[in-house]
Amino acid sequence: MTNTLGMHRTVTEAVRSWSDRLVALSHGLHDEPETALQEHRSAARIADLLETAGYTVTRGVADLPTALLATRGSGDLVIGFCAEYDALPGIGHACGHNVNGAAAVGAALALAAVADELDLTVKLIGTPAEEDIGGRVLLLDAGVFDDVAAAMMVHAASDDSVGASSLAIGAWDITYRGKPSHAALAPWEGINALDAMTVAHTGSPTAARP
């Protein structure tokens with residue numbers, strides 16, 4: 001039977017033991033912001049810390065020089081943590097990717113402390129260019145996530161929450177074409193393009209949400 005209380009204590013102690021270095025990692029990423037696919041120092045900071053922690057680290061995975069993959073444990077169940085670390089052009093880490101990256105590293109280090117007991121493999125996946133081309137998509141296409149049973153990430157926010165929802169956003173160019181008719185003699189033969197657009201908008205699943 002799994003000793004839940006003991007593992008909680010082990011994980012907590014692991015986080016505390018690495019806390020100073022995790023804060024230093026976050027501050028270091030913040031102080032030297034690097035934009036999409038230029039995050040050489042940022043990726044190196046994360047890789048160096050994980051190597052110190054006993055992770056096997058591969059740098060430049062999927063032909064992306066600033067992507068990385070760090071692994072610890074040997075269990076069949078693979079749990080992944082996505083670490084972001086790119087900054088916004090001309091602004092820096094306004095989206096908090098320095099915090100996201102350091103927190104993901106912290107989560108991976110904490111879970112690694114009980115990986116053997118839970119028969120897990122822990123993967124930290126460094127995903128570059130999230131503010132631009134979406135590094136996770138490129139890594140997904142390259143098969144980096146193929147053996148991952150569950151992938152998680154941490155995002156900076158004003159409060160603590162688990163399992164918060166997030167909506168993906170897509171864009172389409174849509175043309176609505178109406179059909180003219182005589183408004184007095186045969187209005188039923190007409191098609192109002194504006195009405196069609198309104199129905200499509202108000203009838204969409206997202207529009208129905210409170």
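Everything discussed here concerns the structure shown above.
Being a predicted model, the structure only gives us computed values, none of them experimental.

Take the pattern of salt bridges next. Applying the stated criterion to the full structure yields 8 salt bridges. For Glu-34, the salt bridge identified is with Arg-41, shortest N-O distance 3.7 Å. Exposure remark for Glu-34: the relative accessible area of 6% places this residue in the buried category. For Arg-41, a relative accessible area of 42% corresponds to the partly exposed category. A salt bridge links Glu-84 to Arg-136; the shortest N-O distance between them is 3.1 Å. Taken together, the residues span a long stretch of sequence, with Glu-84 in the loop between strand E3 (77-83) and helix H3 (97-112) and Arg-136 in helix H5 (residues 135-141) at a distance of 52 residues. Residue Glu-84 is classed as buried on the basis of its relative accessible area of 4%.

With respect to the helices, strands and loops of the structure, Asp-86 is situated in the loop between E3 and H3. No salt bridge is formed by the buried Asp-86. Its closest oppositely charged neighbour is Arg-136, at 8.2 Å. Side-chain polar atoms of Asp-86 contact the backbone nitrogen of Glu-130, separated by 3.1 Å.

Before going further, it helps to spend a moment on the sheet that holds strand E5 (residues 150-153). Spatial strand order, E1-E2-E4-E3-E5: 5 strands in an open sheet with mixed pairing. Each end of this open sheet is capped by a strand with a single partner; those strands are strand E1 (56-59) and E5. Pairs of neighbouring strands in the sheet enclose a mean axial angle of 20 degrees, with direction left out of account. Pairing of E1 with strand E2 (residues 68-73), which is carried by 4 bridges, proceeds in the antiparallel orientation. Among the inter-strand pairings, Arg-59 is bridged to a residue of E2, identified as Leu-68. In the packing of helix H2 (residues 40-52) onto the sheet, contacts are made with E1, E2 and strand E4 (120-126), and the angle to E1 comes to roughly 160 degrees. Set on the sheet, H3 makes contact with E2, E3 and E4; between it and E3 the angle comes to about 160 degrees.

Conventions adopted
Residues take numbers from 1 onward in each chain, read along the sequence in its written order. Totals for whole chains, interfaces and linings use every residue, but because this is a predicted model, local features are given only for residues with pLDDT of at least 70 and side-chain atom pairs only at 80 or more, for both listing and counting. By convention in this description, side-chain values take in all heavy atoms of the structure and omit both hydrogens and water. Any carboxyl oxygen of Asp or Glu that lies within 4 Å of a side-chain nitrogen of Lys or Arg is treated as forming a salt bridge with it. Relative accessible area decides the class of each residue, using a 1.4 Å probe on protein chains only: under 20% of the type maximum gives buried, over 50% gives exposed, and in between gives partly exposed. Runs of E in the DSSP output that reach at least two residues are strands. Runs of H or I that reach at least four are helices, and both are numbered from the N terminus. When charges are counted, neither His nor the chain ends are considered; positive counts come from Lys and Arg and negative counts from Asp and Glu. Polar contacts here mean pairs of N or O atoms no more than 3.5 Å apart (in protein, one a potential hydrogen donor and the other a potential acceptor; neighbouring residues in sequence count only if both atoms are side-chain atoms). Think of it this way: DSSP has to see at least two bridges between two strands before they count as a pair. Throughout, an axis means a line fitted to C-alpha atoms (over the contacting stretch in the case of helices), and angles, computed between N-to-C directions, take values from 0 to 180 degrees. Two residues qualify as a contact provided that any one of their heavy atoms is within 4.5 Å of a heavy atom in the partner residue.

Nothing here speaks to function; it is geometry throughout.
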